[in-house]
Each structure stands twice: as C-alpha cells, then as structure tokens.
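# Topology and contacts: notes
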Amino acid sequence: DHRDLHSFPTRRSSDLLEPVAMFKKLTDCVDMPPVRYINRSVGMSDTQTTAYNSMRKKLMASYAGHIVTAQNQLVVSLRLQQISSGFIVGKTFDVDALFNEDAADDVDLSPEEVVWLGDSCPKLDALMQDVHECDKPLLILTRYSAEAAKIFDLCTKAGYRTGLFTGWKVAGGVDAFKDGDVDILVANSSKISRGFNLQIAHTTLFYSNTFSMETRQQAEFRTFRMGQTHSCLYIDYSAAPVDDTINTALQLKKGLLEYIRGKDIEEVA
C-alpha cells in the first residue's frame, strides 16, 4: 500500500488484552496520597536568549517554503530545549553546525561534549533554590547526562550528599539513595524510569523533560508507589517557549510527537 504508514490506526497492547484482562489504576485499588504539580517559569540569561533567537531564526528560514514534518519539528524542539537548559552541543555556538538533523539525540551526552552558555543560567538557579528548600531525600531528573553531571557538581559543592545515576556515569547510585547514604539523587529520566522503588522520596524536580509521555509517567511512578505516605510533588521548569510546548504536551498526557503533529513550526518554538 502506498499510503503513509502513520495513516493506519494503531492498537495499544492494553487494547489487545482487554478481552481477557482487567486494567485498574493504582489509585483505584489502593488509598494513595495526593499528587501536586508545579511549573516554574524562570526565563533565560541574555546569552541564552541571543543563542535561542539565533537558532530559532535559522530554523524558521531553513524550513520556509518547505513541507515541515513532525520529525523536523522534533529537531527544532531538541536544539532549542538544549539552549533553554543552558548549553549547546559542541565547542562553539555555530548555528549551521547545530542545525543538523543527523546529530544524535543522545541522552548520554557527556560534560565534555557540551558547552554551557555564559556564567549564569536562571533555570539552574531556580533548581538550586528548590534544592535548598525541598525536603530530602530528593530526586532530580534530567534528559541529558551532561545536565545531570552539572547539577551533581552544584549539589555536591553546596554540601549535599549527592548521587549520580546516568548512562554516562554512576556515583553513589540508587542503593545508596534508598539506604539513606545519599540526600539527593540526580539521574536521567530514561535510566531511572523503570524497575526502581524510590518512595523514600516524595519530591521530584524535572530539570528537563523527555519527549515521551510513557517515560515521564514511569519516572513519576518511581516515587508514587505503594508504601508512599507523603503527598508527591513534581516540579517542572520553563525557561523558553519550547519548554512550555513540551510541558503542555505531557500535561495533556501526550508525547511531544503526537502533540505537535499538524502544528505550524512557529507554534512549537
């Protein structure tokens, strides 16, 4: 068939199992504490704003007059999300080099592969303010290992017993966190999202979000589990319009690709 594969309806595994299985939410079966969400709007530094606007202008010009696919929009979101978080991939800000659809969306970007933009980052400042004010133990989740490494260093220098759990590096990981030997665990959402019981914590800070609704939900379920006795708090950070787009998609229980399909590219960035 010549039609686009995406035009065919897809069936979830739960739909296939529905005739022979019953599905219930955790809250339908067990009395669980409430869940709270906070979205913090923090803005960007002058250096970030200049880089963001330069990148956005280049992207808009490159796609002008062409059919824009959802994959194109994901590339836009990826590049702008990195700038909003305070860094770029590479040693210098070369918008032509960064605008490269072949560049890997590698969550395990190491600190050596990125450059932080300027000496300040309001998003990091807001995160550290919450680190100081939130109850411990505390879980901090990022999309990229380079972000996790940066936050790990900041928390360690601030005097907190901090663990790092990423595909790039592990230091004082999950077991130390669960045993009470670590006050703060900084991890990639994609690495921590399955198989871990972390209800020892009840606050999670999402410094940067995954584009996957499933990964986000599973990350929340690390603390919102049977045995949790406190209200769970999840804090997201918005430094730029692209963050608002990503966070809105997740709040609507949609992955970013599903949410932006059919939208103008200006709406995404």
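Per chain, the residues get numbers from 1 upward, laid out in the order the sequence is written. Per-residue local features of the predicted model are confined to residues with pLDDT of at least 70, and side-chain atom pairs are confined, for both listing and counting, to 80 or more; whole-chain, interface and lining totals are unaffected and use all residues. Remark: hydrogens and water are excluded; side-chain values derive from all non-hydrogen atoms of the structure.

## Examining helix H11 (residues 241–251)
Here H11 has its buried residues at Val242, Asp243, Thr245, Ile246, Asn247, Ala249 and Leu250. The secondary structure listing takes helices from DSSP runs of H or I that are at least 4 residues long and strands from runs of E that are at least 2 residues long, numbered from the N terminus. Within two residues after H11, Lys253 carries a phi angle of roughly 65°, on the positive side. For the exposure calls, accessible area comes from a 1.4 Å probe over protein chains only, and a residue counts as buried if that area is under 20% of its type's maximum, exposed if over 50%, partly exposed in between.

## Overview of the pairing of strand S9 (residues 232–238)
Most of S9 sits out of view: seven of its seven residues are buried. The two faces of S9 match: Cys232, Tyr234, Asp236 and Ser238 on one face and Leu233, Ile235 and Tyr237 on the other face are all buried. Paired strands, in this sense, are two strands between which DSSP finds at least two bridges. Of the pairings in the sheet, the one linking strand S1 (residues 35–41) to S9 comprises seven bridges and is parallel in character. For Val35, the partnering residue across the bridge sits in S9 and is Cys232. Here strand S8 (residues 203–206) pairs with S9 via four bridges, running parallel.

## Digging into the packing of aromatic side chains
For Phe, Tyr and Trp, where Trp contributes only its six-membered ring, two rings pair if their centres lie within 6.5 Å, and the inter-plane angle classes them as stacked under 30 degrees, edge-to-face over 60, or tilted in between. Within the structure shown, the criterion is met by five aromatic pairs. Relative to Tyr144, the ring of Phe87 lies with its centre 5.7 Å away and its plane at 80°, an arrangement referred to as edge-to-face. Highlighted residues: Phe87 in strand S2 (residues 87–89) and Tyr144 in the loop between strand S4 (138–142) and helix H7 (145–157), separated in sequence by 57 residues. Accessibility assignment for this pair places Phe87 and Tyr144 in one class, buried. Measuring from centroid to centroid gives 5.5 Å for Phe165 and Phe196, while their planes differ by 85°, and the two rings are edge-to-face.

## Observations concerning H7
Here a helix's expected span is defined as the number of its residues, less one, multiplied by 1.5 Å. Its 13 residues place the ends of H7 18 Å apart at the C-alpha level, agreeing with the 18 Å of an ideal helix rising 1.5 Å per residue. Among the residues of H7, Ser145, Ala146, Glu147, Ala148, Ala149, Ile151, Phe152 and Cys155 are the ones counted as buried.

## With respect to the confidence of the model for the chain
The pLDDT averaged across the chain works out to 83; a share of 79% of its residues lies at or above 70. Looking at any residue, its pLDDT shows the predictor's confidence there, from 0 to 100. Note on contacts: a residue pair qualifies if any of its non-hydrogen atoms lie within 4.5 Å across the two residues. Under a pLDDT of 50 for its full length, residues 1–10 has, in the predicted model, three contacts with residues more than four places off or in other chains.

## Notes on the packing of helix H6 (residues 122–133) against H7
Two numbers describe a pair of packed helices, the interaxial angle and the distance between the axes. For helices, the fitted line uses only the C-alpha atoms of the stretch in contact; every axis is such a line through C-alpha atoms, and the angle between N-to-C directions lies from 0 to 180 degrees. Where H6 meets H7, the axes come as close as 11 Å, and the angle between the chain directions of the two elements is 45°. Between H6 and H7, the crossing angle belongs to the class labelled oblique. The chirality of how H6 crosses H7 is right-handed. The segment H6 lies against H7, with Leu124, Leu127, Met128 and Val131 engaging Lys150, Ile151, Leu154 and Cys155. A class-by-class count of the residues in the contact of H6 with H7 yields seven nonpolar, no polar and one charged. Here is the rule for angles: anything less than 35 degrees is roughly parallel, anything more than 145 is roughly antiparallel, 65 through 115 is roughly perpendicular, and the remaining ranges are oblique. For any helix crossing, the convention is left-handed if the near helix is rotated counterclockwise from the far helix by under a right angle, and right-handed if that rotation is clockwise. Asp, Glu, Lys and Arg are counted as charged, while Ala, Val, Leu, Ile, Met, Phe, Trp, Tyr, Cys and Pro are counted as nonpolar; the rest, among them Gly, fall into the polar class.

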